Amino acid sequence: MSRHALVVNEEVVSFVDCVVTGATPAADHTVALRLAVTFGPLPEGWEYAVAFVRGRLTPATTVLDLGGPQEVTTSVSGLGESAFSWYLGDFEHGRLPDEPLVVHAVVPAERHEREVELTVRVDGSFRRPRFPVRRHLDHARAAEPWTFRLTLPADHAAAEPKPAAAVPVNGAIRLCVAADIEKYSRFHNLEAMRAQERFVELMRRARAHAGIDEAEVDRESAGDSEYAILPAGLDETVVVPRLLAGFDRAARAVNNDLNDHARLRVRVALDRGLVTPSVNGWVGRSTIAVHRLLDSEPVRAALADHPDRDCAIIVSDTIYQDVARHGYEGMSPGEFSEALVNLPNKNFTERAWLHIPGN
């Protein structure tokens, strides 16, 4: 079934359809995949402003090009990767059309037919048009992703594919870091693109301050957020304190010459645990827990309660007990406050610790 519910805070507000309309070979030894996304009607007085469509191909398949409908402002990310996205619309001008939004992704052709799985997630932001743009705005997401099994046509003149690197099957204890930008929806498209660039730079600077080799970081990005799995075998007594300090330094550096509207304020979550690479991401308790911490009310409130600070950090009880409370690298336990993260609808309740750098 292609129709899924659009949900805001567990409440269904509409629906969205997503279908694959074609996998077409081209003369340049590529295949164009086309998706049609159709949003259902909203409650009276509301209209769609932007849509965010994310895709992932399994087995990993490099995307060579991405595009959207000509009549809709479109920005894309993920070229050269197997996870990619389209950002459709503009908060400042107009509304999304009622007809289907058709997007495409171009991938290399191979000499033989091949089966791939395309996973798609769709979010939509909507507003009341008679009010200012940045007021009366809400954001909905499809209640579940779509999974399409596709057969990519053969191109007998295509180059032979290179052998894929083996995927490690053994897990390892890794530090997991999740982060996102506060109030990202305030940006129009060009501002959002610059915000993404600054956000990527902020995350890179923070890791560099901790002495982490960027080439060994496994990253998953989605516009206003990033999930990173750090290399195995790190000395956490050094890396964790420097990483927390690095977020503060990096945020201040990135925001140094920005006004209040452009300034980035970020939430960050850290956890540690056994994670294992799989065909569509990573498997392990900490990969889920770190996102629950990031989305929790305590860290959101901490950032809101400190408007003069650029970031709020929440760490798992494991990291606090093993590292933070022992004062490594000059870290003080007094810089942390205890918080209970309770998400009954997600069957998640854990103790965590909040840190406001520079507070």
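Cut-offs used in this document
Residues numbered from 1 in each chain as written. Predicted model: local features only at pLDDT ≥ 70, side-chain atom pairs only at ≥ 80, totals over all residues. Heavy atoms only, no water. Helix = DSSP H or I, 4+ residues; strand = E, 2+ residues; numbered from the N terminus. Rg over C-alpha atoms; globule rule 2.2 N^0.38 Å. Contact = heavy atoms within 4.5 Å. Salt bridge = Lys/Arg side-chain N within 4 Å of Asp/Glu carboxyl O. Buried < 20%, exposed > 50% of the residue type's maximum accessible area, 1.4 Å probe, protein only. Arc of directions from axis to C-beta. Core = buried A, V, L, I, M, F, W, Y, C linked by side-chain atoms within 4.5 Å. Phe/Tyr/Trp six-rings, centres within 6.5 Å; stacked < 30°, edge-to-face > 60°. Lys NZ or Arg CZ within 6 Å of the ring centre and 35° of its normal.

1. Here we look at the overall build of the protein chain
- Along the backbone of the protein chain there are five helices and 19 strands.
- On C-alpha atoms alone, the protein chain measures out to a radius of gyration of 21 Å, which is about the 21 Å that the 2.2 N^0.38 rule sets for 359 residues.
- The principal-axis extent of the C-alpha atoms belonging to the protein chain is close to 60 × 55 × 40 Å.
- A separation threshold of at least 6 residues defines the contact pool for the protein chain, and within that pool the share at least 24 residues apart is 71%.

2. Notes on the pattern of salt bridges
- Tallied over the entire structure, the rule returns 27 salt bridges.
- Close ionic contact of Arg174 with Asp218 constitutes a salt bridge, the shortest N to O distance being 2.9 Å. Here Arg174 is found in strand E12 (residues 172-181), whereas its partner Asp218 is found in strand E13 (residues 218-221), with 44 residues between them in sequence.
- The class of Asp218 is partly exposed, set by a relative accessible area of 31%.
- Salt bridges sharing common partners tie together Arg207, Glu214, Arg219 and Glu226.

3. As for the environment of Asn347
- Note on placement: Asn347 falls in the loop between strand E18 (336-343) and strand E19 (348-355).
- Asn347 gets classed as exposed once you look at its relative accessible area, which sits at 75%.
- Once the C-alpha coordinates of Asn347 and Val315 are considered, the two residues, 32 residues apart in sequence, prove to be 19 Å apart.

4. Some words on helix H4 (residues 297-304)
- The complete set of buried residues in H4 reads Pro298, Val299, Ala302 and Leu303. Summarising the axial view, the buried residues of H4 lie within an arc of 130°, below the 170-degree limit, and thus occupy one face.
- Buried residues along H4 sit against strand E15 (266-278), helix H3 (285-294), strand E17 (311-316), E18 and E19.

5. A look at the nonpolar core
- Leu243, Phe247 and Leu270 are the most contacted members of the largest nonpolar core, which totals 39 residues.
- Elements represented by at least two residues in this core include exactly E12, helix H1 (189-209), helix H2 (236-254), E15, E17 and helix H5 (317-322).
- Here this core takes eight residues from H2, the largest share from any one element.
- Those residues in contact with Phe247, other than ones at most four positions away along the chain, are Val177, Leu202, Met203, Ala206, Val268, Cys311 and Ile313.
- Counting residues in each nonpolar core, the second largest holds 38 residues, with Val31, Phe39, Tyr48 and Leu118 among its members.

6. As for the packing of aromatic side chains
- Under the defined criterion, the tally for this structure stands at eight aromatic pairs.
- Ring geometry for Tyr48 against Phe126: centres 6.4 Å apart, planes inclined by 75°, an arrangement best described as edge-to-face. Note that Tyr48 is positioned in strand E4 (residues 47-58) and Phe126 in strand E9 (residues 114-127), a separation of 78 residues in sequence. The same class applies to Tyr48 and to Phe126, which are both buried.
- Cluster of aromatic residues (ring-pair linked, three or more members): Phe39, Trp46, Tyr48 and Phe126.
- Here the guanidinium or amino end of Arg3 rests over the ring plane of Phe15, the centre of that ring lying 3.6 Å away.

7. Some remarks on unusual backbone geometry
- The amide bond that connects Thr58 to the next residue, Pro59, takes the cis arrangement and shows omega of -5°.
- One can find Pro59 in the loop between E4 and strand E5 (65-67).
- In this structure, Lys183 takes a positive phi of about 55° despite not being glycine.
- Tracing the backbone through its elements, the reader meets Lys183 in the loop between E12 and H1.
- With a phi close to 55°, Glu329 is a non-glycine residue in the positive phi region.

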